[in-house]
Amino acid sequence: MIARALGSAGAALRQPGAVAAALVLAVLVGWALAPTAFAPLDPVHDLDAAAPLAPPSAAHWFGTDVLGRDVFSRVVHGARVSLLAGLVAVAISLTIGTALGIVAAYAGRWTDTAISRSVDVLVAIPGLLLSMALVSILGFGVDRVAIAVGLAGIPGFVRIARAETIRILSLPYFDAARTSGTRPLRILASHVLPNATGPVVVLAGLELGGAILAVAGLSFLGFGAVPPLPEWGSMVNEGRLHIATAWWLTFFPGAVVAATVLALNRLSRNARRRA
Amino acid sequence: MTRYVLRRLGHALVVLWGAVTLSFLVVQLIPGDPARIMLGGGASGGEGAGAADDGQVAALRTELGLDRPVLAQYAAYLVRVVTLDWGTSFAKRQPVTDVIASGLESTLQLGAASIALTVVLGMLFGLGGVLLPGRWVRSAFQSITVLGIAVPSFWLAILLLQVFSFGLGWFPAFGAGSPAALVLPALTLALLSAGTLGQLLTRGIEDGLREPYADTARARGLSRAGVVLRHVLRNASLPVFTMVGMLIGSILSGATIVETIYGRPGVGNLFVVAVQARDFPLIQALVVLTGGVFVLVTLVVDIAYRWIDPRVVEPDRREGARRPRERAGAAA
């Protein structure tokens, strides 16, 4: 057992990128779960009136904004909003997309044609624009933006779930299950779903990064978080007025978004290689 | 080939029809009364009339045909789409076609410049990933170039502004007047997609170098760089064509944010303004326009690709034939 632990530690050392990515994600999850433990200052109400627009220092690692709020505290508290929005979005794409993909592959014929052509249509409209069109229907706010991003992410999951299901349905054990009289729903639950999980989970990891980017982008455009709420995209938007004088307002929230997405991509690609 | 072109054309038309239907559904799916929401958004814009009265709502419902059965509305909508009658934009109070035409030139310039830059940067990234000396240098170079996938476009745009406009003063920060104002927005969009392109190219070149013809060229005394530049690169560039559709999509997506930051009055910025004002006629037209551009580009690329490289099999046939072998390869 010790040998195995040492072995996996050795494997980790050979992949410093993956280890760094895991650390970044661990910190982010910590920020999201217990923001006050990492940043004692309140992101909305603690105003340092003496030092508005102060550059980064020992007291304020990421500087302060126009109202004298600590940018680091706002970034830490923003983790919960962004990660939650990303998770909601991916949960929506994953459940609806996977279900439609499996149904398309399993039912075949015109059901498959209808679903596949609809996916082609959704793919034809660039993701961010599709989310924006959906936001115009759903209305503004982080929750609605998350739903819109989730709906726009459905096509990817339909395609991969459909392809995986078709692959599984062509395997001999599926014929064995069917000829021995197993009901279709049971075949789906006990044979198709478990076997299709791998690629779907990898896609979910990649999509989580993409969803966080999209939510931040839509919030930056002013469709998401409403100002006092600390959210990374809208923080960059607020900092835009001061880009010539206070670079830290836009730099740190944006860098944290980039680090988050990079870490998620890295770990998903690692998982794919192992799968 | 003719059969392939016809089939591909049929598929493109179906997708285009789907995009038109989707844009029709946008207005049908608005919770509540679309006419009231449109009037609310429109009235707060300029006239300060406050909440619209029932007479105005009823008039707009008649104008939009919202009082008719859904299928009749749909038929009327299809006719309007075909005749390019998109109605009046609520935010701009002009015909939608005029509004879009006003933004088209700026976005076409940005699109052309960023595609050119993406290809140049993608080539450099792709060749660098193969030709740079030392494995570690190459691998570090590759990881830097793929940063574009993770970096938010709004952040990159602002960073470039801070460094090159405010810091060094090389380029103007806002506006669309001069060619110099085109550099930073185009560079932002190019940096976001060039990494993917470079990665694809690097993989293609590495595969090409393992082919027998590369060995032959090496045996004739060509250097590794010579083989890559004179023989392998041409073959490796071919699959890059399949990325063009995706590239256009990411440029259109990125244009919303980039045009807003750099103050360019293009189609991307119009999309943002349209959603802000809930200007549904404009949104509908833009959805169909972007969908149409994507359909047209992928159609042309697919047909051209098949014409350039007749070895290519139709996607659905290839899918079925290759999957089992791919899996076997992955398991080994």
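The rules behind the values
- Residues numbered from 1 in each chain as written.
- Chains lettered and ligands numbered in written order.
- Predicted model: local features only at pLDDT ≥ 70, side-chain atom pairs only at ≥ 80, totals over all residues.
- Heavy atoms only, no water.
- Helix = DSSP H or I, 4+ residues; strand = E, 2+ residues; numbered from the N terminus.
- Buried < 20%, exposed > 50% of the residue type's maximum accessible area, 1.4 Å probe, protein only.
- Contact = heavy atoms within 4.5 Å.
- Areas by Shrake-Rupley, 256 points an atom, 1.4 Å probe, with all protein chains shown as cover.
- Axes fitted to C-alpha atoms, helices over the stretch in contact; angles between N-to-C directions.
- Parallel < 35°, antiparallel > 145°, perpendicular 65-115°, else oblique.
- Left-handed = near helix turned anticlockwise from the far one by under 90°.
- UniProt positions renumbered as here; feature names shortened; annotations may be inferred.
- Buried area = accessible area lost by both parts, 1.4 Å probe.
- Polar contact = N/O pair within 3.5 Å; in protein donor to acceptor, adjacent residues only side chain to side chain.
- Bend = angle between axes of the 7 residues up to and from the residue.
- Nonpolar A, V, L, I, M, F, W, Y, C, P; charged D, E, K, R; others polar.
- Patch = residues over 30% accessible without salt bridge, like charges linked within 9 Å, V, L, I, M, F, W, Y side chains within 5 Å.
- Salt bridge = Lys/Arg side-chain N within 4 Å of Asp/Glu carboxyl O.

### Concerning the overall build of chain A
Part 1: Scanning chain A from N- to C-terminus turns up 12 helices and 0 strands.
Part 2: Mapped in sequence order, the helices and strands of chain A form the string α-α-α-α-α-α-α-α-α-α-α-α.
Part 3: Counting only C-alpha atoms, chain A reaches 80 × 55 × 25 Å along its principal axes.
Part 4: Residue burial in chain A is summarised as follows: out of 275 residues, 50% are buried.
Part 5: Partitioning the intrachain contacts of chain A with sequence separation of at least 6 by distance along the chain shows that 70% fall at a separation of at least 24.
Part 6: For chain A, the exposed surface amounts to about 12600 Å²; the carbon and sulfur share of it is 70%.

### Considering the packing of helix α5 (residues 96-131) of chain B against helix α10 (residues 224-237) of chain B
Residues and elements named next belong to chain B.
Part 1: As a packed pair, α5 and α10 sit with axes 12 Å apart at the nearest point and diverge in direction by 135°. Taken together, the axis directions place α5 and α10 in an arrangement best described as oblique. For the crossing formed where α5 meets α10, the hand is right-handed. Contacts from Met123, Leu127, Val130 and Leu131 of α5 reach α10 at Arg224, Ala225, Val228, Leu229, Leu233 and Ser237.

### Topic: the UniProt feature "transmembrane region" (unreviewed entry) in chain A
Residue and element names in this part refer to chain A.
Part 1: Taken from the UniProt record, the annotation "transmembrane region" (unreviewed entry) applies to residues 12-34, 83-107, 119-139, 145-161, 200-226 and 246-264.
Part 2: For residues 145-161, the end-to-end C-alpha separation is 25 Å, with 94% helix and 0% strand making up the annotated structure.
Part 3: In residues 200-226, the share of helix is 78% and the share of strand is 0%. The end C-alpha atoms are 33 Å apart.

### Notes on the interface of chain B and chain A
Part 1: Between chain B and chain A, the residue contacts involve 44 residues of the former and 44 residues of the latter.
Part 2: Buried surface at the junction of chain B and chain A, summed over both partners, amounts to about 3700 Å²; 78% is from carbon and sulfur atoms.
Part 3: Between the two partners, chain B and chain A, sit 7 residue pairs in polar contact (both at pLDDT 80 or more).
Part 4: For the side of chain B that touches chain A, the secondary structure elements donating two or more residues are α1 (2-28), α7 (153-167), α11 (244-262), α12 (267-276), α13 (280-308) and α14 (315-331) of chain B.

### A word on the UniProt feature "transmembrane region" (unreviewed entry) in chain B
Residues and elements named next belong to chain B.
Part 1: Annotation from UniProt places "transmembrane region" (unreviewed entry) at residues 12-30, 112-132, 144-168, 180-201, 240-262 and 282-308.
Part 2: Between the first and last C-alpha atoms of residues 12-30 the distance is 28 Å; the span itself is 89% helix and 0% strand.
Part 3: Counted over residues 180-201, helix gives 100% and strand 0%. Its end C-alpha atoms are 30 Å apart.

### Thoughts on α11 of chain B
Part 1: At Ala255 of chain B, α11 of chain B shows its largest kink, close to 40°.
Part 2: Counting buried residues along α11 of chain B, 16 of its 19 residues qualify, which places the element largely inside the surrounding structure.

### Observations concerning the packing of helix α4 (residues 71-107) of chain A against helix α5 (residues 109-124) of chain A
Residue and element names in this part refer to chain A.
Part 1: Relative orientation of the contacting elements α4 and α5 amounts to 145°, with a least axis distance of 7 Å. As α4 runs across α5, the sense of the crossing is left-handed. In this structure, α4 contributes Leu100, Val103, Ala104 and Ala107 to the contact, and α5 contributes Arg109, Thr111, Asp112 and Ile115.
Part 2: Taken together, the residues that form the contact of α4 with α5 break down as 5 nonpolar, 1 polar and 2 charged.

### Concerning a nonpolar patch on the surface
Residue and element names in this part refer to chain B.
Part 1: On the surface, Met1, Phe241, Trp307 and Ile308 cluster together into a nonpolar patch covering about 470 Å² of accessible area.
Part 2: Here Trp307 is to be found in helix α13.
Part 3: Judged by relative accessible area, Trp307 falls into the exposed class, the value being 67%.

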